Amino acid sequence: MAVLGSSDGGARLTELGRCAVMGILNVTPDSFSDGGRYLDLSHAVAHGIAMRDSGADLVDVGGESTRPGALRVSAEVEAQRVLPVIRDLVAEGVRVSVDTTRASVADAAVEAGAAVVNDVSGGLADPDMAAVVANARVPWILMHWRGHSERMNELAGYEDVIGEVRQELVMRADAAVMAGVDPDRILLDPGLGFAKTAAHNWALLRRLDVLVALGFPVLVGASRKRFLGDLLADASGSPRPHSGRDGATAATSVLAAMAGAWGVRVHDVDSTMDAVAVSTAVRLGASRA
Ligand SMILES: Nc1nc2ncc(COP(=O)(O)O)nc2c(=O)[nH]1
């Protein structure tokens, strides 16, 4: 397991001995779970610090909602949202990743102190992203993605979701390396909920080992997503509200950590730290038995 250190002028993953925890900080009006809560700079920074103080290894700052059907915002608006938050969090000693598909936003975010680029498009949305990441020498999270939010549902067709997600991520990693990105700075992510049905999400969670076996650190983002809400629906079929999904999210974090995932991306850090502690105890217990 690794988090972050610095070497050769860039950021690298270093050994941690447990699953890393990435706290979600969406500075957007319309993200599905926390939209609008952190548009105010002081609220956003306070929440980022609180997640770090709760144990988060990284705070993931995003300025454009990626939920299905979300309206796109301009690069300028996205940058205006995330850069002040990144600067202030970095000034407080918080390790920050920037959640963006835009090279210009990633470049400005790294300049502002972001140590990781989290790209839900896996480099597909912006052909300039690879060069920015290679030049910045920071870790790049390549998430499995097939298109922007307005098309995601129509793109959720698979013969073999595990095999196809694996293959498409391998292609993204190969493209990154071809573009000069250090393979040791590539992380992969199955993109739960992105061009995937609930069944696809469960299948991917069940076979995370296939992605882990590729040798790249794997990040898993199940937190409070719709497939958890549907699983926990009430007798009338109404999905469990977002705020009631942290128990199920913690369970997915245990599964991910036990499968050897590098990290989990979550809204609620406290419950996730407990989940990671359980998985670490079991993994260590197994090695000491
Ligand atoms: N790497 C990565 N980044 C992401 N960014 C946004 C969302 C959408 O969820 P949010 O609205 O809760 O941020 N999910 C992911 C994810 O699963 N993996």
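Before reading on, note that the structure itself is shown above.
Anyway, here's the lowdown on the structure attached to this text.

How each quantity is defined
Within each chain, residue numbers correspond to sequence positions counted from 1 in written order. A pLDDT threshold of at least 70 governs which residues receive local features in this predicted model, and a stricter bar of 80 or more applies before side-chain atom pairs are shown or counted, although totals over entire chains, interfaces and linings include all residues. Note: side-chain values were computed over all heavy atoms of the structure, leaving out hydrogens and water. Elements are defined by DSSP. Helices are runs of H or I of four residues or more, strands are runs of E of two residues or more, and each kind is numbered from the N terminus. The globule rule used for comparison is 2.2 Å times the number of residues to the exponent 0.38, while the radius of gyration itself is calculated over C-alpha atoms. Three exposure classes are used, based on accessible area relative to the maximum for each residue type with a 1.4 Å probe and protein chains only: buried under 20%, partly exposed in between, and exposed over 50%. Any residue with a heavy atom lying within 4 Å of a molecule or strand is counted as near it. Polar contact is defined as a pair of N or O atoms within 3.5 Å, subject to the rule that within protein one atom must be able to donate a hydrogen and the other to accept it, and that residues adjacent in sequence are counted only when both atoms are side-chain atoms. Using a 1.4 Å probe, accessible areas were evaluated by the Shrake-Rupley method; residue-level cover was limited to the displayed protein chains. When a carboxyl oxygen of Asp or Glu is within 4 Å of a side-chain nitrogen of Lys or Arg, the pair counts as a salt bridge.

## Regarding the overall build of the protein
Scanning the protein for helices and strands turns up ten helices and ten strands. Compactness check: the protein gives a C-alpha radius of gyration of 18 Å against a globular reference of 19 Å for 289 residues, within 12% of the reference. Across its three principal directions, the C-alpha atoms of the protein cover 45 × 45 × 40 Å. When burial is assessed residue by residue, the protein has 53% of its 289 residues classed as buried.

## What to know about the site of the ligand
Lining the immediate environment of the ligand, one finds 15 residues, of which D99, N118, D189, K225 and R265 sit closest. Within the side chain of N118, an N or O atom sits 2.8 Å from a nitrogen atom of the ligand. Side-chain polar atom of D189 to a nitrogen atom of the ligand: 2.8 Å apart, as the coordinates give it. Relative to its free-state accessible area of 410 Å², the ligand is covered by the protein chains to the extent of 97%.

## A few points about the pattern of salt bridges
Side chains that differ in sign of charge can pair as their charged atoms come close. Counted under the stated rule, the structure contains 13 salt bridges. The shortest N-O distance in the salt bridge between R265 and D99 comes to 3.2 Å. Here R265, found in strand β10 (residues 263-266), pairs with D99, found in strand β5 (residues 96-99); they are 166 residues apart in sequence, far enough to count as distant. Summarising the burial analysis for this pair, R265 and D99 share the class buried. Close ionic contact of R207 with D209 constitutes a salt bridge, the shortest N to O distance being 2.8 Å. Relative accessible area serves as the criterion here: at 34%, D209 is assigned to the partly exposed category. Among the charged side chains, a network of salt bridges with common partners joins E64, R72, E78 and R102.

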